[in-house]
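Structural overview
The chain contents come next:
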Amino acid sequence: MFGYITTNQMELKMKDFYTYQACYCGLCHSLKNNRGQRARLVLSYDMTFVAMLLQGLYEPSIVKKSIRCPFHPLQKKQVIMSELSAYAGDMNLLLAYHNLVDDWKDDKSVKSLLFLKNIEKTYKEAAKKYPRQQKAVLTYMKKLAVCESKPAKDNIDEAANLTGIMFGEILVYKEDEWASTLRALGSALGKFIYYMDAYDDLLENEKTGAYNPLIGVSEEVIEDILKLMMAQASDCFEYLPIVEHAEILRNIIYSGVWMKYVEIKKKRMEEPKE
């Protein structure tokens, strides 16, 4: 999965840190309750952002409780969850399933194939419940494969735009007055995620010649592209009437998303020049 839409923990207040962790655990618990234990293995911090964003926007009934977690058995974990935790969990499942399909096609990974078989039933349940989102992910994977079979220099934005369209559909929980803003927010975040993933793979792809639209693009231009995507995302976010979790969501949008970028950039700067 992605893993780029997360917090800057150093800048979070302690109470907000615990709230974020409780929402993450709530997403995990929702996956277990609705799709079974195996579904928990696809958990992503990106979808914690989705759950918190939609909870802040729609203000659903919230369940707060302490549970025993098999992954952390020594102490009880606090969880915060709602119907939107369940939704974000299903979106996590849709994305993870098709990512595993892609891994199997590309690398013939037996591990991916076995995992696919383990979550196939629950994937179909989520796909049946959310056909629009499932179609968006399936269409995205097919178009992305075609896009990445062409020379990256022909259109450096094509693959990122496809990711933006898909993630926009993921962010739209329902067709209402907020749908267009959520699509625009998802589009900007999706493009940011794609470019971050490409930047993360850039060192390896430069050596192997694998598809990457950022090969040959300067560090300054890459940073400008990422800043533009997040500026668009922040404009959309600030338009939404969100009070609950607003400080945490701002931490993610204005600071957290850049933590991985700084880490990757440092690694690139330290790479020996041939």
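Look a little higher up for the structure.
Here is a short report on the structure shown in this document. All values reported here derive from a predicted model rather than from experimental measurement.

Structural notes on helix α5 (residues 131-147)
Between its terminal C-alpha atoms α5 stretches 24 Å, which fits the 24 Å expected from 17 residues at 1.5 Å a residue. The set of residues buried in α5 consists of Q133, Q134, A136, V137, Y140, M141, L144 and C147. Viewed end-on, α5 has its buried residues packed into an arc of 160 degrees, placing them on one side of the element. For α5, exposure combined with an orientation more than 90 degrees from the buried face picks out K135, K142 and V146.

So, a negative patch on the surface
Judged by side-chain charge, D197, D200, D201 and E204 come together as a negatively charged surface patch. By secondary structure assignment, the location of D200 is in helix α7 (residues 179-200).

Notes on the packing of helix α6 (residues 158-171) against α7
Across the interface, α6 lies against α7 with an axial gap of 6 Å and an inter-helix angle of 135 degrees. By the angle between their axes, α6 is oblique relative to α7. Read as a crossing pair, α6 and α7 show a hand that is right-handed. Mapping the contact onto sequence places A159, A160, N161, T163, G164, F167, G168, E169 and L171 in α6 and L182, R183, L185, G186, S187, L189, G190, K191, I193, Y194 and Y195 in α7. When grouped by side-chain class, the residues that make up the contact of α6 with α7 number ten nonpolar, seven polar and three charged.

A word on the side chain of Q55
Looking at the element boundaries, Q55 is found in helix α2 (residues 45-58). At a separation of 2.9 Å, a polar atom in the side chain of Q55 contacts the side chain of S82. Among residues more than four places away in sequence, those in contact with Q55 are C23, P60, I62, M81, S82, L84, S85 and H245.

Thoughts on helix α9 (residues 219-239)
For an α-helix the count is 3.6 residues per turn, leaving residues at separations of three or four pointing the same way. Compared with an ideal rise of 1.5 Å per residue, which puts 21 residues at 30 Å, α9 spans 31 Å between its outermost C-alpha atoms and is within 8% of the ideal. Among the residues of α9, E219, I222, E223, I225, L226, M229, M230, A233, S234, C236 and F237 are the ones counted as buried. Take α9 and look down its axis: the buried residues cluster within an arc of 165 degrees, on one side only. Of the exposed residues in α9, the ones pointing more than 90 degrees away from its buried face are E220, D235 and Y239.

Some words on the packing of α2 against α7
Their axes nearest at 13 Å, the elements α2 and α7 cross at an angle of 160 degrees. Compared by their axis directions, α2 and α7 come out roughly antiparallel. The interaxial crossing formed by α2 with α7 has right-handed handedness. For the pair formed by α2 and α7, the contact residues are F49, L53, L54, L57 and Y58 on the first element and L182, L185 and L189 on the second. Residue composition of the contact of α2 with α7, grouped by class: eight nonpolar, no polar and no charged.

Thresholds, definitions, all that
- Residues numbered from 1 in each chain as written.
- Predicted model: local features only at pLDDT ≥ 70, side-chain atom pairs only at ≥ 80, totals over all residues.
- Heavy atoms only, no water.
- Helix = DSSP H or I, 4+ residues; strand = E, 2+ residues; numbered from the N terminus.
- Expected span 1.5 Å × (residues − 1).
- Buried < 20%, exposed > 50% of the residue type's maximum accessible area, 1.4 Å probe, protein only.
- Arc of directions from axis to C-beta.
- Patch = residues over 30% accessible without salt bridge, like charges linked within 9 Å, V, L, I, M, F, W, Y side chains within 5 Å.
- Areas by Shrake-Rupley, 256 points an atom, 1.4 Å probe, with all protein chains shown as cover.
- Salt bridge = Lys/Arg side-chain N within 4 Å of Asp/Glu carboxyl O.
- Lys, Arg positive; Asp, Glu negative; His and termini not counted.
- Charge placed at Lys NZ, Arg CZ, Asp CG, Glu CD.
- Axes fitted to C-alpha atoms, helices over the stretch in contact; angles between N-to-C directions.
- Parallel < 35°, antiparallel > 145°, perpendicular 65-115°, else oblique.
- Left-handed = near helix turned anticlockwise from the far one by under 90°.
- Contact = heavy atoms within 4.5 Å.
- Nonpolar A, V, L, I, M, F, W, Y, C, P; charged D, E, K, R; others polar.
- Polar contact = N/O pair within 3.5 Å; in protein donor to acceptor, adjacent residues only side chain to side chain.

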